[in-house]
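Secondary and tertiary structure notes
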Amino acid sequence: MVGLVVVSHSKQAAAGIREIAQEMGGDARIEAVGGTEDGRIGTTPGPIGDAIAAVAEDAGGVVVLVDLGSAVLNAELAIETAEVDDVAIADAPILEGALNAAVAATAADATLDSVRSAAEDAADVSKV
Amino acid sequence: MSGDTRQTEAVHDAIEAIADRLADEKEYLTELDSAIGDADHGANMNRGFQAARDRVAETDGDPAELVKTAGVALVSEVGGASGPLYGGSLLKASQELDDGLTAETTIAFAERYLETVEERGKASVGDKTMVDALTPAVHTYKKSIEVDDCEPIEALGKAVDAARRGVEFTTPLRAKKGRASYLGWRSVGHQDPGATSTLYLLEELLDVATEYENGEVAVDAEADIDPDELPEPDAEDVPVDGGD
């Protein structure tokens, strides 16, 4: 099994993206992490690492979706210090990537690579 | 050993001085960041270094341990890209100080810090980031010692001057990394906040290093010190006091 961690600068954005992705992702395990621990816009590695560890425990593999800047850097830092083997950051737009990944994660033969790859396919989606 | 004690005191003083400086410059850094970023650099750096100051004050340890403690505090408290960039790099580079502060260990520290910032931030010279202040500072420090045979304190003074020129160099550039890159051409004409805070750290390192040299140091004292080179102030303590 593979689960997702959604990391945004905003707590509301992270929660909202999870909500949208969960609608398509059925029972896929999705954690949302957003904002700093004292409620500001931003990210810190501690809560990201905790979410990765929690999802890894339930689902095994973890694909991380990030928005920008410090979310990427802090997710990388969290992964380096988390004791989780099957974890990867998807190089994808956070909302579309999360949605694609949530769908892919519910496939019977989902793997870390298949879910990450589905998320990254969202980079090429044309909307209009 | 008196050399060790002096080094430990110098690192405590340096972190204290940096925390004070960032508190003083909080508004200015935020002003720079509001022009081309998300207006949080001053507050983030201040919060991070106040936490670093508090944690380091409660830590008994050698210079490597103190720098590591400061790094951990920045990583967990900053809440922006400066956390992993400043804190993560201090954390990693602190390993180079296991043998205390010498010319060799501080060069290794400075190089490791720069390398870690570049890798984590995926930034190069000319991207309008802290790398533009850091690179000339680290290169100048290393070259001044290894090629020109300068004392570390003198090399640090030259490094601070180099960092200052690097900060000025960021103003006419278009940002390629960080939040400022979203502004495209509108980022041109503004000084980079991360390069500026890097200069402040170096300036404070130089000030503290100079104090530890009893004010005898012939360097351009205008320059502030970069955080990357924190250990340098003490570099001379080793040959002087190491045998005590």
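Since this is a predicted model, take the numbers as computed values, not measurements.

What counts, and where the lines are drawn
Residues numbered from 1 in each chain as written. Chains lettered and ligands numbered in written order. Predicted model: local features only at pLDDT ≥ 70, side-chain atom pairs only at ≥ 80, totals over all residues. Heavy atoms only, no water. Helix = DSSP H or I, 4+ residues; strand = E, 2+ residues; numbered from the N terminus. Buried < 20%, exposed > 50% of the residue type's maximum accessible area, 1.4 Å probe, protein only. Lys, Arg positive; Asp, Glu negative; His and termini not counted. Salt bridge = Lys/Arg side-chain N within 4 Å of Asp/Glu carboxyl O. Polar contact = N/O pair within 3.5 Å; in protein donor to acceptor, adjacent residues only side chain to side chain. Contact = heavy atoms within 4.5 Å. Phe/Tyr/Trp six-rings, centres within 6.5 Å; stacked < 30°, edge-to-face > 60°. Lys NZ or Arg CZ within 6 Å of the ring centre and 35° of its normal. pLDDT = per-residue confidence, 0-100.

Here's the deal with the side chain of D127 of chain B
All names here are of chain B.
- Here D127 is to be found in the loop between α5 (103-121) and α6 (131-146).
- One buried charged side chain, D127, makes no salt bridge at all; its nearest oppositely charged neighbour is K176, positioned 4.2 Å away.
- Polar side-chain contacts of D127 include one of 2.8 Å to the backbone nitrogen of S124.
- If we ignore the near neighbours within four places in the chain, the residues touching D127 are K122, D132, R174, A175, K176 and K177.

Focus on the packing of aromatic side chains
Residues and elements named next belong to chain B.
- What the rule picks out here adds up to 1 aromatic pair over all chains.
- Measuring from centroid to centroid gives 6.4 Å for F109 and Y113, while their planes differ by 40°, and the two rings are tilted. Note that F109 and Y113 are positioned in helix α5 at a spacing of 4 residues, about one turn of the helix.
- F109 gets classed as buried once you look at its relative accessible area, which sits at 0%.
- Directly above the ring of W185 sits R174, whose terminal nitrogen or CZ lies 4.5 Å from the centroid.

Observations regarding the confidence of the model for chain B
Residue and element names in this part refer to chain B.
- Looking at chain B as a whole, its pLDDT mean stands at 89, while 86% of the residues score no less than 70.
- Low pLDDT (under 50) marks residues 216-227, which in the prediction has 55 contacts with non-local residues, meaning those over four places away or in another chain.
- Predicted confidence is poor over residues 230-244, with pLDDT under 50, and the contacts of this stretch with residues over four places away or in other chains come to 46 contacts.
- Among the prediction metrics, the complex's ipTM stands at 0.87, with pTM recorded as 0.87.

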